[in-house]
Amino acid sequence: MKLFFHSEQLKHRPASYYSRGKMREPQEKPERMFELLKTVERLNLPLLTAKDFGTKPLLDVHTMGYLNFLQNAYKEWMELPEDWGDEVLSNIFIRENNREIGILAKAAKYLADGSAPIGKDTWTSVYWSAQTALSCADALLKDDEQLTIGLTRPAGHHARKEGAGGFCYINNAAVIAQYLKQDYSRIAIIDTDMHHGQGIQEIFYDRSDVLYTSVHGDPTNFYPVVSGFEDEYGVGEGHGYNKNFPIPHGSSEEVFLEYLDQAIDFVKLFQPEVVIHVMGFDVYVDDPQTKCAVSTFGFEKIAEKIKSVNVPTISLIEGGYCIEKLDENFQSFLKGFGVNLPRYKTEKQEVSST
């Protein structure tokens, strides 16, 4: 196993989070990553610094206009003569027939909702989050690694081809899926975040070479609300290569794992050459975003099921907002992948490494 991270990802610190009619306390904050890094330090795991692959892999997925917005929006916002605050956060959302004249119009086009503000260091952090994911992919290609894990913050699975939302700005899973195409012809993305990754679905919806499957909370009145339903199968050449497993809100861990078993069976039918796993710890029972009840021990089971596909795997650590449990949950997840750990305690039992 190789584990990747870059410290520049810690700089993004959003101050705004507008959701469901209210300004709320931001949940996607650097403290999340501090807890994951505690796990790495406590277990004495080698942590590799992400390399810089430039913007070309990002432009293979996102448009030039969108990346230019992400890179320059804060500067344009702060140059306005009026005080509009310290973050780019639009109150207007118009994607179609938008001529992008002025920073507010650009924000109206490229920000899908109120949960992806752009601050002074946002571009720096999202850029290095993508480079962390690319470092995982490159290690798989060049070093013959069977498992690589990326501590990727901000997350990416909600980012559309030209739209930020849901705490996400660059779609890391999509970027590395496209990057891996240089060596692999059949790639499967398995998403186990609490929320449907509508960005990944949109990007690959008409393709048969990248299969996307997601186990997530029923999107009815739950983010992202407009996608993630069972009847979304893909279009054209991609018809049949998109499979959603929305779970009823309030589901038990057993139900979540049963749905995941169905997703794994679907992936195995595809016979992928490589798996990209989007891991969201927000399925944890006490997470503020959760609609199900996965325990700490359940993350070991999730990893075991992903591992059962038995192909080279990249796992991107994305969601998860119960900060005080991220360390313990990450340990459980690593054990499920067969990482040799010292003794640790789960909610169900004490587990010793062998």
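From a predicted model like this one, the values you see are computed outputs, not experimental measurements. (Residues numbered from 1 in each chain as written. Predicted model: local features only at pLDDT ≥ 70, side-chain atom pairs only at ≥ 80, totals over all residues. Heavy atoms only, no water.)

Draft legend 1. Structural context of the overall build of the protein. Looking only at helices and strands, one finds 10 helices and 14 strands in the protein. A globule of 354 residues ought to have a C-alpha radius of gyration of about 20 Å, and the protein, at 19 Å, matches this closely. Taken along its principal axes, the extent of the C-alpha atoms in the protein is 65 × 45 × 40 Å. Among the 354 residues that make up the protein, the fraction classed as buried is 60%. (Helix = DSSP H or I, 4+ residues; strand = E, 2+ residues; numbered from the N terminus. Rg over C-alpha atoms; globule rule 2.2 N^0.38 Å. Buried < 20%, exposed > 50% of the residue type's maximum accessible area, 1.4 Å probe, protein only.)

Draft legend 2. Quick peek at the confidence of the model for the protein. Looking at the protein as a whole, the pLDDT averages 95, with 96% of positions reaching at least 70. Per-residue pLDDT stays below 50 along residues 346-354; that stretch engages in 25 contacts with residues further than four places along the chain or on separate chains. (pLDDT = per-residue confidence, 0-100. Contact = heavy atoms within 4.5 Å.)

Draft legend 3. Geometry of the environment of L140. Position of L140 relative to the elements: it lies in helix α5 (residues 122-142). Taking C-alpha positions, L140 is 9.9 Å from M1, a pair spaced 139 residues apart along the chain. Aside from chain neighbours lying at most four places away, what touches L140 is E145, Q146, L147, T148, Y184, V274, P312, T313 and I314.

Draft legend 4. The pattern of salt bridges, seen in detail. On inspection of all chains with the given rule, the structure shows 19 salt bridges. Of the charged contacts in the structure, one is a salt bridge between K38 and E35, with a shortest N-O distance of 2.9 Å. Here K38 pairs with E35, and both are found in helix α1 (residues 30-42), just three residues apart, close to one helical turn. Judged by its relative accessible area of 14%, E35 is buried. When the shortest N-O distance is used, the salt bridge between R42 and D327 registers 2.1 Å. Of this pair, R42 sits in helix α1 while D327 sits in helix α10 (residues 323-336); the two residues are 285 residues apart in sequence, bridging distant segments of the chain. Members of the salt-bridge network, linked through shared partners, are E28, R32 and R153. (Salt bridge = Lys/Arg side-chain N within 4 Å of Asp/Glu carboxyl O.)

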